[in-house]
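# Working through the structure, step by step
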Amino acid sequence: MTWQAAVAGASGYAGGEVLRLLLGHPEIEIGALTGGGNAGRSLGELQPHLVPLADRVLRDTSARTLAGHDVVFLALPHGQSAAVAEALGPDVVVVDCGADFRLRDPGAWEAFYGSPHAGTWPYGLPELPGARAALKGSSRIAVPGCYPTAVTLALFPAFAAGLVEPDVVVVAASGTSGAGRAPKPHLLGSEVMGAMSPYGVGGVHRHTPEMVQNLTEVAGEPVTVSFTPTLAPMTRGILATCSAPARPGATARSVRDAYAQALEGEPFVRLLPEGQWPSTAAVHGSNTALVQVALDGAAGRVVAISAIDNLTKGTAGGAVQSLNIALGIPEGTGLSTIGVAP
Ligand SMILES: NC(=O)C1=CN([C@@H]2O[C@H](COP(=O)(O)OP(=O)(O)OC[C@H]3O[C@@H](n4cnc5c(N)ncnc54)[C@H](OP(=O)(O)O)[C@@H]3O)[C@@H](O)[C@H]2O)C=CC1
Ligand SMILES: CC(=O)N[C@@H](CCC(=O)OP(=O)(O)O)C(=O)O
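Residues numbered from 1 in each chain as written. Chains lettered and ligands numbered in written order. Predicted model: local features only at pLDDT ≥ 70, side-chain atom pairs only at ≥ 80, totals over all residues.

Per an unreviewed UniProt entry, the protein chain goes by N-acetyl-gamma-glutamyl-phosphate reductase and derives from Wenjunlia vitaminophila. Listed in UniProt under the heading Catalytic activity (unreviewed entry), the comment for the protein chain reads: "N-acetyl-L-glutamate 5-semialdehyde + phosphate + NADP(+) = N-acetyl-L-glutamyl 5-phosphate + NADPH + H(+)". The UniProt entry for the protein chain carries this comment under Sequence similarities (unreviewed entry): "Belongs to the NAGSA dehydrogenase family. Type 1 subfamily." (UniProt positions renumbered as here; feature names shortened; annotations may be inferred.)

This is the structure we're talking about:
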C-alpha cells in the first residue's frame, strides 16, 4: 500500500529533512509541498539537495492545499500547527514536528511558550516505555524536541532501573541547524565559527519541561532537570552530557546491565562498547542515537552521554519512525542507521 504525504514547511530545515527521508521511503508518495513567505518558489531554489523534487513549486499552507492526503507532516514554527491540524480530519495522519502537542501540562506549556495550550498528542519517542502502543494506529503524532530526544534516550534506562536520584544535570551542545533557517544575528558565521556559546541558561529553555515530563513518567516520581544548551560550530548534531546522583547500591556493573537491558533490540539506539564514547560525527544523517554510560564513583553520579543528528533522529527520522508505527508498517522503513563520515 502507498500513502500520499504532504509536507508543510517544506522550505525549512526540518521539512527538508522529512523530504530527504520520504524520497527513500518505499511506501510514501510525496504530495503537496507548502511554505510561508517562500510559497511560489521552486524547491530546487530552496533545497537544492532534494534533486528529484527540484521542479516542484511550494504552495501556500492552508486547509485547501493540504486536503486530500493520507499523511500531513507539519514542520512549521511553534504555535502554528494547531490551527492547521484542526482543519485536517481524524482520518488524516498528522505528524507535528513542532512543539504544539508535546506537553501534557497546560501550565508548563503556557509558562514556556506564552500562549494557550492546544492539547496533547501521542509522543513520538518509540523507545520510551509504552510509547509504541500509544502510537500504533494513532492519527496524531507529536514529534519530540531534539534536545529532549537526546536526553531522554541517555537517561531513561537509569530511571527505569531506579539507579539514580530524580535530580538531573544536562549540558548539551547542538549544531546551528537546530535553530532553523530563519536569519538570526547569533547564527552569523562570524559569531558561530570557532566558538561554543551557552544560551537559555537557568532553567528557561522550553525543552526543560519536556525532559521533566519524560523522565518523571519513567521514574514514577517528580524529576528536576537543570538544562544548559550550548551552540557548537557544526551544522548538525547534538551531544548531550547528562548526570544524576547514583542511588545507594548502584555499581558500574548494575548500571551497565540496566542500559544493556533497556536498549536491547532497539533498532535506532546503540549502547556503545565499554570505553567507547559517542560522537556527533558518527550519526550525521543517520537515525541512530549512540549512548554510553559510566558510574563516577568518586562523585557518586551516573554519567550518560548521547549523540544524535538533531534533524534526523532529533526530528524527521523520529517523525518517520513514529509514522511507520502508526501505519502498522515495519518501524525502520525508509530509515538508515548508517551515518555520513568523515
Ligand atoms: N531544526 C531542528 O533541529 C528541529 C526543528 N523542529 C521543529 O520543526 C519546526 C520547523 O523548524 P525548522 O525547520 O528548524 O524551521 P525553519 O525556520 O527552517 O523552517 C520553518 C518552515 O515553516 C515555514 N513557515 C514559517 N512561517 C510560516 C507561516 N506563517 N505559514 C506557513 N509556513 C510558515 C517556512 O516557510 P518559508 O520558508 O516559506 O518562510 C519554513 O518552511 C519547528 O516547530 C521546530 O520546532 C523540531 C526538532 C528539531
Ligand atoms: C541550536 C538551537 O537553537 N536549537 C533549538 C532547538 C531546536 C528543536 O529541536 O526544538 P524544537 O523542535 O522545539 O524547535 C533551540 O534551542 O531552540
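Having put the structure on the table, let's press on.
Take the site of ligand 1 next. Near ligand 1 lie 32 residues; those nearest to it are Gly12, Gly35, Gly36, Gly98 and Gly180. Where the shell around ligand 1 is concerned, the elements lending two or more residues are helix 1 (13-22) and helix 11 (312-327). Element by element, the count of residues in the shell around ligand 1 is highest for helix 1, at three residues. The residue makeup of the shell around ligand 1, split by class, is 12 nonpolar, 19 polar and one charged. Looking at the shell around ligand 1, you find at least three residues from each of domain 1 (3-144 + 313-327) and domain 2 (147-310). (Near = placed C-beta within 6 Å. Helix = DSSP H or I, 4+ residues; strand = E, 2+ residues; numbered from the N terminus. Nonpolar A, V, L, I, M, F, W, Y, C, P; charged D, E, K, R; others polar. Domains from an automatic or database assignment.)

Bringing the packing of helix 7 (residues 146-160) against helix 10 (residues 252-263) into the picture now. Contact pair helix 7 / helix 10: the axes reach a minimum separation of 9 Å and the direction vectors enclose 110°. The angle between helix 7 and helix 10 falls in the class roughly perpendicular. You can see that helix 7 and helix 10 cross each other, and the crossing is right-handed. Of the residues in helix 10, those touching helix 7 at Phe156, Pro157, Ala158 and Ala160 are Ala258, Tyr259, Ala262 and Leu263. Of the residues contributing to the contact of helix 7 with helix 10, the split by class is eight nonpolar, no polar and no charged. (Axes fitted to C-alpha atoms, helices over the stretch in contact; angles between N-to-C directions. Parallel < 35°, antiparallel > 145°, perpendicular 65-115°, else oblique. Left-handed = near helix turned anticlockwise from the far one by under 90°. Contact = placed C-beta atoms within 7 Å.)

By way of backbone hydrogen bonds, the strands of a sheet pair with one another, either parallel or antiparallel. Strand order in the open sheet made by the seven strands is 8-9-7-10-13-12-11, with mixed pairing throughout. Looking at the sheet topology across the chains shown, the edges are occupied by strand 8 (197-198) and strand 11 (269-271). Pairing of strand 7 (residues 167-174) with strand 9 (residues 224-231) involves eight bridges; the strand directions are parallel. Bridging across to strand 9, Val168 finds its partner in Val225. Set on the sheet, helix 7 makes contact with strand 7, strand 9, strand 10 (238-245), strand 11, strand 12 (289-296) and strand 13 (301-308); between it and strand 10 the angle comes to about 40°. With respect to the sheet, helix 10 is in contact with strand 11, strand 12 and strand 13, its orientation differing from that of strand 12 by roughly 160°. (Pairing = 2+ DSSP bridges.)

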